[in-house]
Amino acid sequence: MSTKYVYFFGDGQADGDSSMKTLLGGKGANLAEMVRIGLPVPAGFTLTTEVCTYYYANNRTFPPELKQQVLDALKKVEKSMGAEFGSATNPLLFSCRSGARESMPGMMDTVLNIGLNDTTVVALAKQTGNERSAWDSYRRFVQMYGDVVLELKPKDKTEGDPFEVALEHKREKAGVKEDSQLSVEQLKELVAEFKQLIKSRAGKDFPTDPMEQVWGAIGAVFGSWMNDRAMVYRRTYGIPHEWGTAANVQAMVFGNLGDDCATGVGLTRDCALGTPGFCGDYLINAQGEDVVAGIRTPKRIEETLASDMPESYKQLNEIGKKLEKHYKEVQDIEFTIQRGKVYMLQTRNAKRTGFAAVRIAVDLVNEGLITEQEALQKRRIPADDLAQLLQPIFDPASKATATKEGRFLAKGINAGPGAASGVICLFADEAEQFHEKNPNTDIILVRKETSPEDLRGMKAAKGILTATGGASSHAALVSRQMGKACIVGCSAIEVDYTTNTINVGGKTLKSGDFISMDGFTGEVFEGKVQTKPSEVIQVLVQKTLKPEESETYQRYAQLMGWVDKHRKLRVRTNADTPNQADEAIAFGAEGIGLCRTEHMFFDHLDEIRHMIVAETKESREEALAKLLPFQREDFAGLFRSMNGRPVTIRLLDPPLHEFLSDRHLEEQPDLAQKLASWTNSTVDAVKRRVGELHEANPMLGHRGCRLGIVYPEITAMQARAIFEAAVKVKKEGINVVPEVMVPLAGFLTEFKHQEKIIRAAAEAVFKETGTTLEYLVGTMIEVPRAAVRADQIASAAEFFSFGTNDLTQTTLAISRDDYGPFIGYYREHDIIPSDPFQTIDQEGVGDIMKIGVERGRSSRADLKIGICGEHGGDPASVMFCHDIGLNYVSCSPRRVPVAKLAAAQQALAAGK
Ligand code: PEP
Ligand code: MG
């Protein structure tokens, strides 16, 4: 039997259903499902993702059996719709849309009104009794066909879309503002002009044969799977290129037959903030892409549809409720109203900000639609998105000042929460380049509207501001997903690409000027407005807001309650100071997984430098003795903050020249002299010593436990400081659980050498103070040898912590400090799937970790194992750590909620 490549839907029955997303793509599967649950859907058929795979595997050709299957399905649609494709009396028109397994909003192509030509347009006009709308549809079709299938694009970035330019001229000449005000004659002229444009630019005629048109559209849709913006999007969201897209060919219904017709996109709840209630955008007497493209600012469903079209509004609300109940999830729908009747063109789970995701998930549980376990699903709240709840808001005082100073510029539609201040940039490619050169200067990308081509620039920007478009426009959807502050439809702003300026409220701002925007309210200000922390931070960290005063916080707390109930991994924090520790505890950290002691040394550079240049052990000990009280107080502060939670303190790790190098001597001319006098030495001797510290490859040089082995007095001082602090705090009545960690060990002998010094210091302090306490001595696993010989190391080490920053560096032989220049190229060219210093390279580094876990526990069954590299706050890596049986992850304080959520998600997914 030949492969089934085409799936029909219509007339209350469908070949597919919503479980078939892999084959039919999200759109195709959901169209079939909507037909099955009795919603009004125009008939059509889906060409499967296998067609796409075939297309690319066979030099952009289709499987031979596809043609007949398409013809058969087409006949069925004709029957269902009671019209005929290409008929000169009763023509049927089609749309052709992409639809991948995961939605990729606006990244691929769509063609509408397929089947129109000089003959069918006349028939359509007769049939609908609306000549104007027939010609409007024809005009749109020729335009779309030219743009999408024949790929007629602007010649350069200032030119503007050639069809839009012609349309604009026509409007100007006719003295009208909206396309819908153009007369039949003017539309006819436009069709002729567009055809001419195609002929002169593409060198061929616009095809009039409907079958040729439909195959052209199908080819363009499959071809758009590999366009640049779709590839960038897939890289950003980890969607494999191999998946391919499906294509949906569906009978057209018309939103442009008159004032009882409309086209729109809706959300069953707001997806910027998560507020309940149907909302969205619609345009009366308009067609499909007008709303999504953001070219005209649409009307709001929740504001005016009930009065504009009461009956249709009712239908839409009912459909929305039915869909939410059926899918148990907020839906993002596309619909057309033809003569008062609502038709569904698409439904999918709605993209939402992290802010909205939390609210929606918690509300759905509270409304009884889903369980708390379902609320935690990764697809509902991607763990990374939780960080948006911690996003800044405008500082009210600074905002008041800006208002008083007359710097309020305009108000648009609030489409992505978060406040942002930055320099104006009008072009996406410039934003990308600027960001590369000035990573610390925030950018606000200001555009008339954004199109999928702007994706790279949107990624580089902190905030996105557009003059047109509604809450469902491309800019809004994409920035919501990226967690960027976003305002759309800010019509008071006139963007002038030729002068690189914007005009608003009588003011002209140029590219590079500062502008501020509040994605929570839609307000835009000239210059800078200070931002302040989110409500969750105000409640938890600053304690300036009471929990009962913040609904946002309450929902966060409810969610984190579920998270804590379901996760198995513990979550600690990387913190070096009591402040950081306090913040992490506020976010729910359960201990410190890494205190990098060298950070404390940077506050006491004189003493550490004295220690470094000392020529003798005695002189070194003298310097270290001065450091000891500082270290002790720092550790005591941490122990107090952690109040009985475990605290892992790592001994000195970085090469000594980070504290003292030729560069320091050059920058501070009196430093050598000072050091010489402290150590009873000469300037020359100091310089010689500093010169000796220079290393060609410091990351693989004299660092980690190698320092404590060659200079055991450093380890002795640090261990003493730890135990003196622990005893002191214990005497204050606070439980203390120190875990002393040796860095960069690869040999058992290295570990044992350090362990001996640490235990000796502990015994000495216990004896001197008459107090003892429990403690552990363990090691970081940062070099492959340590993982491979974990069995030996675990015979002495009581815990392991994977230092995956170094383990990645040492396994891949990629320097964590020097990989910048090529990682971008690697990512762009799909050499590696993600940045290995952000997400664990599971097949390489991950396998080494697995070996470490297995072998470590083979000699010490209850070995406690964690991770403290930066990966500890990356959701995919946290999930991997769950899978390989680690006990905890440790990450920076603000990543703690993210890591916890990822841990719960994996525990729930694994427990299924
Ligand atoms: C590591 O290597 O993963 C680690 C946590 O240590 P550092 O980043 O301080 O080298
Ligand atoms: Mg390290």
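Refer to the preceding data block for the structure.
Residues numbered from 1 in each chain as written. Chains lettered and ligands numbered in written order. Predicted model: local features only at pLDDT ≥ 70, side-chain atom pairs only at ≥ 80, totals over all residues. Heavy atoms only, no water.

> Which residues make up the overall build of the chain, and what are the values?
A count of helices and strands for the chain gives 37 helices and 34 strands. Relative to its length of 912 residues, the chain is compact, with a C-alpha radius of gyration of 32 Å against a globular reference of 29 Å. If one aligns the C-alpha atoms of the chain with their principal axes, the spans along those axes are about 105 × 65 × 55 Å. In the chain, buried positions account for 58% of the 912 residues. The contacts in the chain between residues at least 6 apart in sequence include a share of 69% that link residues at least 24 apart. Only carbon and sulfur atoms are counted for the fraction: they give 50% of the accessible area of the chain, which is about 35800 Å². Seen as two clouds, the 109 positive and the 123 negative side-chain charges of the chain have centres 3 Å apart. (Helix = DSSP H or I, 4+ residues; strand = E, 2+ residues; numbered from the N terminus. Rg over C-alpha atoms; globule rule 2.2 N^0.38 Å. Buried < 20%, exposed > 50% of the residue type's maximum accessible area, 1.4 Å probe, protein only. Contact = heavy atoms within 4.5 Å. Areas by Shrake-Rupley, 256 points an atom, 1.4 Å probe, with all protein chains shown as cover. Lys, Arg positive; Asp, Glu negative; His and termini not counted. Charge placed at Lys NZ, Arg CZ, Asp CG, Glu CD.)

> Just give me the short version of the coordination of the magnesium ion (ligand 2), but keep the residues and values in it.
For the magnesium ion (ligand 2), every protein donor is listed as Glu782 (OE) and Asp806 (OD), and the spread of their distances is 1.9 to 2.0 Å. You can see glutamate 782 sitting in the loop between β31 (776-781) and α31 (784-788) and its partner aspartate 806 sitting in helix α33 (residues 804-812), a full 24 residues away along the chain. Each member of the pair glutamate 782 and aspartate 806 is classed as buried. (Donors = N, O, S within 2.8 Å, 3.2 Å for Na, K, Ca; no water.)

> Run through helix α9 (residues 228-237), naming residues and quoting values.
Within α9 the residues assigned to the buried category are Arg229, Ala230, Val232, Tyr233, Arg234 and Arg235. One side-chain oxygen at the N-terminal end of α9 lies 3.3 Å from the backbone nitrogen of arginine 229; it belongs to asparagine 227. Within two residues after α9, glycine 238 carries a phi angle of roughly 65 degrees, on the positive side. (Polar contact = N/O pair within 3.5 Å; in protein donor to acceptor, adjacent residues only side chain to side chain.)

> A description of the pattern of salt bridges should follow, citing residues and the corresponding values.
What the rule picks out here adds up to 61 salt bridges. Ionic pairing is found between arginine 703 and aspartate 653, a salt bridge with its closest N-O pair at 2.9 Å. Here aspartate 653 lies in the loop between β29 (646-650) and α25 (662-667) and arginine 703 lies in the loop between α27 (683-693) and α28 (705-710), a separation of 50 residues in the sequence. Classification of aspartate 653 as buried rests on a relative accessible area of 6%. (Salt bridge = Lys/Arg side-chain N within 4 Å of Asp/Glu carboxyl O.)

> Account for the state of the cysteines, naming residues and giving values.
Counting across every chain of the model gives 0 disulfides. Cysteine cysteine 52 remains unbridged, with the sulfur of cysteine 96 as its closest cysteine sulfur at 12 Å. For cysteine 52, a relative accessible area of 1% gives the class buried. The thiol of cysteine 868 is unpaired, and the distance to the nearest cysteine sulfur, on cysteine 881, comes to 11 Å. (Disulfide = S-S within 2.5 Å.)

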